[in-house]
Amino acid sequence: MVLCLGAILLLASPAVAADNGKADPDIKELLDATDDLQRGDSSMAKVEMHIKTARFERTVTMTAWSEGTEKSLMVINSPVREKGISTLKVGDNIWNYLPKVDRTMKVPPSMMSGAWMGSHFSNDDLVKENRLSEEFSYTLTSRPPDNPEQAWIIELKPKPDAPVVWGRVVVRIRDADRLPIDTRFYDEDNKLVRTLSYSDIRELGGRSVPAKMRIVPADKPGEFTEINYQELKFDVSIAPSTFTLQALRK
Amino acid sequence: MPIVQVQDLTRTYTQGALKVEALRGVSLDIEAGEFTALMGPSGSGKTTLLNQIGALDLPDSGSIQIEGRELAGMSKGELARLRLERLGFVFQAYNLVPVLSAYENAEFVLLLQGVAPNERRSRVMSLLESVGLKGMEDRRPAELSGGQQQRVAVARAMAANPALVLADEPTANLDSKTSEELLDTMQALNRDHGITFLFATHDPRVMERARRVVTLVDGKIDKDERR
Amino acid sequence: MLRLACRNLLRNRTLSAICCASVAGTLTLVIMGNNLNHGTYLTMLEKGISTTAGHVVIQGQGWKDNPDPLKHRVEGATELAAQVQGLHPQAIVLQRTFLGGLLSSASNSVAVAVQAVVAQDERQVTDLHEKIVEGTWLQEDDSRGIVLGFELANKLEVSVGKKVVLMGQGKEDVASRLFRVRGLVRTGAAQADGFLAVVSLAGAQDFLDQPDAASQVSLHLDDPDSTDAVLAAVKSSLGNREGLEILGWKEAIDNLYEFTEVDRATNNKFMFIIGIIGALVILNVILMSVMERMREFGVMLALGMTPSKLRRLILTEGLVLGLASAVLGLLGGSAVTAYLAHAGLDYSGMMGDTMEMSGVAISTHLYAAWDLNHMAASTVAAVLLSISATIYPAWKAGRLQPVEAMRHV
């Protein structure tokens, strides 16, 4: 699902591997399972994104289709000024289409800096998610009984030479529903840089998922970008031609 | 044959809207060896006549002949050559080039003629001596008295062995003693070397010494007295 | 004649001196200004040549017009470099790759210009390694090291030892690679300090998946004047290889070169105008002296001097004045140039240590260089202008009539 957006969206399905007499889940399965939930099949979502920064506050709604993690298409529905702007991702390539000037632009890697659509997510987040599990090694640092949130706390460290900017990433998964609470990203000096938190667990598309995701930069706590799933459907049939440049323009 | 033959010369100037008839039919002959003065009040035409004879200006009508050569019809260049080779001039003032020495001023004409340096030297030195300026050849005009300057002019005027030396009011800026000295010099040159002098002047001292006095009034010859 | 001319000039010493001084002074300024500019141009060009090119460069065909490392590169760069070095043992031969990409840290991302170099060879040609303000320069064979402009490091909020990820267009898809900051540089040029990252050639080759390829193999010569000869030699020795463009520096950094040439031309225009003004000064002075001497000229003409001789006299005065002024001006200009070539002009108090001109960072301590051709041309021009300024006064003198001139008050 396109809105993995660099965060490890951890929607677990139960997977258990016994260890130390306590029912420790297999970490890798925990992590992979979340990916799986997003993967393989196609999905469609209607999403509202709310961005608050020191300079502005705005809300954008969009519809997104995706097939696996390789292909996705997002079209903005509101506000009117940006209606029709769409982004197509195929593999590592991203294109933007601006209806006002009727232009399709490939987003070169050098333009993937900073915010996507002014949010706290980067184009980079859009592209990179599927490689994360290859690039990290993970350890369990706390079990549910040992922490107040009753969560599985997993620490991910980038493998040496992995092209990852983080020093470490800490994921907390609630034992009760195996849904993620939050993900924290730290730099090499162990300073918290940003936090991605999940809330509003609902039934969407036949699954129990957090409908709200909020990313907060640690140095600017007043700012955030929040994503609200209004609709989410899995296994929808999408014509393959949807993920083409021609389709982008429609 | 006379050196200068003037026949029925007229010359009129236009000054603004005014027409001045400076010469109205003048005829005159001058022989070699004369010591002659042209007299007359201002505006009588004496300077104009002198300029005509001196090939500095051309008549409107009539003829002038210098050594038999008719001036009317000559080009400016030919007139200049005539002046350079056959005539000598002594003006009332500002004769000399201030940055040149007496020697250099005197040789000026010879330089223009392209005479060789040795020849120039001997001639100029003897000329300066004959005007009484021996030993002063390296002085600049500023270092010479008025009379001495005029003598240098005389030496220069004679340098090229001219047919005629024309002197326009040469004593006008000099005191009486210096005038006498200058005129004595010129008279001596006329007497001893046969140099022909023609003056335009008011100065009575010149008239005393002149053997012929031609008086002009209103552009015409009034009297022509010889003594 | 000549004597007369000189004496005439000396007659009014003050005026002649003023005339001479103003022409000489102008020529001195012109020479000084040009030589100072010349020195600055040479410095700029040398900077441009050494940092982004060479006196002779060998690049993938089409690189100059489209510097895309994916499309244009020199294959087998190492062997090519060795071959060229063998033929030109006196030259310094470098291999470099230039690319653009996105450099990200935990805090931020910046689009950067990356230079991939053979770190220790590079030290022989550029002085970037001397501008390290923190950390160290890249070591030999450090394929994970990166050196950043200090401003860039600030933006990314990283310091020496921290990691950054470079992302860029790879062969098939997006390439990304981890680097660790080894050092920070401060050049004084905003471009470099804010957007330059230096990595080892090996690192870039891994990143682009282009083993043994480089954007450019460059030759750096002791004597820039030998460029054309070396260029011809390189071209002929590599003639059979396809897909290469071999350029001399004038073409390789043509933007910078053009900038200096255009600047020169503009300055020359100004200098010409100044020259005209100088000529007018002389015209004025000589005309005045001619007017003053009208009576004297009248006498000379009366005595039989021809107008043409008189004109020649005045022209000679102009020529002597012009020559004297020109020689003085040349000597003065040379003296000032000698001083400035040695001590230079130090603007660092005003502008800091380095300044940026046309994208190149140079020291604010400017030195003059000897632009002999220009000096000769300026001097000749000064003499010619002097002579031409005398033409009108001479012509006027030639038209004098002796009688009227003598009457002139």
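Relevant structure appears above.
Residues numbered from 1 in each chain as written. Chains lettered and ligands numbered in written order. Predicted model: local features only at pLDDT ≥ 70, side-chain atom pairs only at ≥ 80, totals over all residues. Heavy atoms only, no water.

K.L.:
Could you give me a rundown of the overall build of chain C, with the residues and numbers involved?
P.N.:
Across its full length, chain C carries 15 helices and 16 strands. For 409 residues, the compact-globule estimate of 2.2 N^0.38 gives 22 Å, and the C-alpha radius of gyration of chain C, at 31 Å, exceeds that figure by more than 25%. In terms of overall dimensions, chain C has C-alpha extents of about 100 × 50 × 30 Å along its principal axes. The contacts of chain C with a sequence gap of at least 6 include a subset with a gap of at least 24, amounting to 77%. For chain C, the accessible surface area stands at approximately 18200 Å², while carbon and sulfur atoms represent 58% of it. Taking the 33 positively charged and 40 negatively charged side chains of chain C as two groups, their mean positions are separated by 15 Å. (Helix = DSSP H or I, 4+ residues; strand = E, 2+ residues; numbered from the N terminus. Rg over C-alpha atoms; globule rule 2.2 N^0.38 Å. Contact = heavy atoms within 4.5 Å. Areas by Shrake-Rupley, 256 points an atom, 1.4 Å probe, with all protein chains shown as cover. Lys, Arg positive; Asp, Glu negative; His and termini not counted. Charge placed at Lys NZ, Arg CZ, Asp CG, Glu CD.)

K.L.:
Quick rundown of the interface of chain A and chain C? Include the residues and the values.
P.N.:
Counting residues at the interface gives 24 residues for chain A, matched by 22 residues for chain C. Here chain A packs against chain C, burying approximately 1900 Å² in sum over the two surfaces, 57% of which is carbon and sulfur. Applying the counting criterion to the chain A and chain C interface returns three salt bridges. One salt bridge connects C:Arg144 with A:Asp161, and the closest N-O pair in it is separated by 3.3 Å. In the side of chain A that touches chain C, the residues fall into nine nonpolar, five polar and ten charged. (Buried area = accessible area lost by both parts, 1.4 Å probe. Salt bridge = Lys/Arg side-chain N within 4 Å of Asp/Glu carboxyl O. Nonpolar A, V, L, I, M, F, W, Y, C, P; charged D, E, K, R; others polar.)

K.L.:
Go over the pairing of strand β8 (residues 151–158) of chain A, please, and point to the residues and values.
P.N.:
All names here are of chain A. The element β8 is largely enclosed, with a buried count of seven among its eight residues. Inspection of the sheet shows strand β7 (residues 136–142) paired to β8 by six bridges, in the antiparallel sense. In the strand pairing of β8, Ser142 is matched with Ile153. In terms of strand pairing, β8 meets strand β9 (residues 168–174) through six bridges, oriented antiparallel. Bridge assignment links Glu155 to a residue of β9, and that residue is Val170. (Buried < 20%, exposed > 50% of the residue type's maximum accessible area, 1.4 Å probe, protein only. Pairing = 2+ DSSP bridges.)

K.L.:
So what's going on with the packing of aromatic side chains? Residues and values would help.
P.N.:
Each aromatic ring pair is described using two quantities: the centre-to-centre distance and the angle formed by the ring planes. Counted by the stated rule, this structure contains eight aromatic pairs over all chains. Consider the rings of B:Phe197 and B:Phe199, whose centres lie 6.0 Å apart with planes at 15°: the pair is stacked. Look at C:Trp63 and C:Phe98: their rings are 6.4 Å apart centre to centre, the planes differ by 35°, and that puts the pair in the tilted class. In this pair, C:Trp63 is assigned in the loop between β1 (56–60) and β2 (74–75) and C:Phe98 in strand β3 (residues 92–104), connecting sequence segments 35 residues apart. (Phe/Tyr/Trp six-rings, centres within 6.5 Å; stacked < 30°, edge-to-face > 60°.)

All quantities given are derived from atomic positions and should not be read as evidence of function.
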